[in-house]
Amino acid sequence: MVLILLTIWAVAVFGFQFLLRVMEKPVPEPALTEYYQVNEAVLSGQASLEQKQVFIQSLTSVLGKQYLRDLGLNKQNATYYPMLKNTLGWVIYDIIPAENKTGFKSAVDAYNHSKKELNTLLTNQKTPGRMLKQLAFERRMGELEQVIIVKKKALIVEMAPYIDQIIVDPVMGDVRKTVVYSQTTCEYQDQLPQEYITTIDKAMDFYLVHNRSAITDYTFFGFPFHYFYTAILLLALFIAICWVYAFNTERINKKFGIED
């Protein structure tokens, strides 16, 4: 009986995972499809304003994702994250009028410098021998947080006259603007490194292609079926298996005159 119940459980759990693997197919997000429609023109410097806007929208679709800060993806993120932020800054810098480029770059650099200072402080606070006393640490952290707020406001002022040319999404525009203000880096203005040009397609594929199937797309009681199955049905199955085991054990004990 135990072997039968274990087999049922194993098939229900691992069989479903195997079925997901068999049925899944890589599906690009719409942002990736739009990216490939304009990437060659933008990266070659021959793009129109509309093409740059589409390109920026695709970049913000990636930079707004929480898993860019996922520790499990540290190796990929360490390579792709700075590249995506710098590419975003490069495209925006191209949109900014010539007479305002210097102010834009200075505002971006000042904001990022302050964020880097805060990150360094937080890192040192976890490193023996480099830790500040708690009061000194809290005071310095508060100072840097205030500086970051001021410099972010200065960056918003520099970009505000052109933000509607940078972001044109009527639905998620406010979210994308927040991503632009917080994620833009401006280390390269006139020309992206060749490494970025040859690698960015791979990075966009990495973040914007997901394995999907009929199982993941189908909804059941308002949930994606694969989530409902693993979070609810498998839990119900486990309870049912426990009940079957207890019921049959009690029945067998009574059959042979064994009582607790």
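So, here is what we can say about the structure in this document.

### Regarding the packing of helix H2 (residues 30–43) against helix H9 (residues 194–208)
- The N-to-C vectors of H2 and H9 enclose an angle of 175°; their axes lie 11 Å apart at closest approach. The orientation of H2 with respect to H9, classified from their angle, is roughly antiparallel. Facing H2, whose interface residues are Ala31, Leu32, Tyr35, Tyr36, Asn39 and Leu43, H9 presents Ile197, Ile200, Asp201, Met204, Asp205 and Leu208.
- Taken together, the residues that form the contact of H2 with H9 break down as nine nonpolar, one polar and two charged.

### Some points on helix H5 (residues 101–124)
- Compared with an ideal rise of 1.5 Å per residue, which puts 24 residues at 34 Å, H5 spans 34 Å between its outermost C-alpha atoms and is within 8% of the ideal.
- Residues of H5 that are buried sit in contact with helix H4 (74–95), helix H6 (134–159) and helix H8 (173–183).

### Description of the nonpolar core
- Grouped together as the largest cluster of nonpolar side chains are 52 residues, with contacts concentrated most on Phe55, Ile92, Ile166, Ile200 and Met204.
- If you list the elements that add at least two residues to this core, you get H2, helix H3 (49–63), H4, H5, H6, helix H7 (163–166), H8 and H9.
- With ten residues, the top contributor of residues to this core is H4.
- For Ile200, the contacting residues outside a window of four places in its chain are Tyr35, Leu43, Phe55, Leu59, Met83, Leu84 and Thr87.
- Core analysis: the second largest hydrophobic core is formed by seven residues, Ala12, Val13, Ile215 and Leu234 among them.

### Regarding the pattern of salt bridges
- Within this structure, the stated rule accounts for nine salt bridges.
- Glu29 serves as the salt-bridge partner of Lys65, at 2.9 Å between the closest nitrogen and oxygen. Highlighted residues: Lys65 in the loop between H3 and H4 and Glu29 in the loop between strand S1 (25–28) and H2, separated in sequence by 36 residues.
- A relative accessible area of 15% means that Lys65 is categorised as buried.
- The closest approach of N and O atoms between Glu117 and Arg140, which form a salt bridge, is 3.1 Å. Of this pair, Glu117 sits in helix H5 while Arg140 is found in helix H6, placing the two residues 23 residues apart along the sequence.
- Judged by its relative accessible area of 31%, Glu117 is partly exposed.
- A residue is classified by how much of its surface remains accessible, and Arg140, at 31% relative accessible area, is partly exposed.

Reading the values: the criteria
- Residues numbered from 1 in each chain as written.
- Predicted model: local features only at pLDDT ≥ 70, side-chain atom pairs only at ≥ 80, totals over all residues.
- Heavy atoms only, no water.
- Axes fitted to C-alpha atoms, helices over the stretch in contact; angles between N-to-C directions.
- Helix = DSSP H or I, 4+ residues; strand = E, 2+ residues; numbered from the N terminus.
- Parallel < 35°, antiparallel > 145°, perpendicular 65-115°, else oblique.
- Contact = heavy atoms within 4.5 Å.
- Nonpolar A, V, L, I, M, F, W, Y, C, P; charged D, E, K, R; others polar.
- Expected span 1.5 Å × (residues − 1).
- Core = buried A, V, L, I, M, F, W, Y, C linked by side-chain atoms within 4.5 Å.
- Buried < 20%, exposed > 50% of the residue type's maximum accessible area, 1.4 Å probe, protein only.
- Salt bridge = Lys/Arg side-chain N within 4 Å of Asp/Glu carboxyl O.

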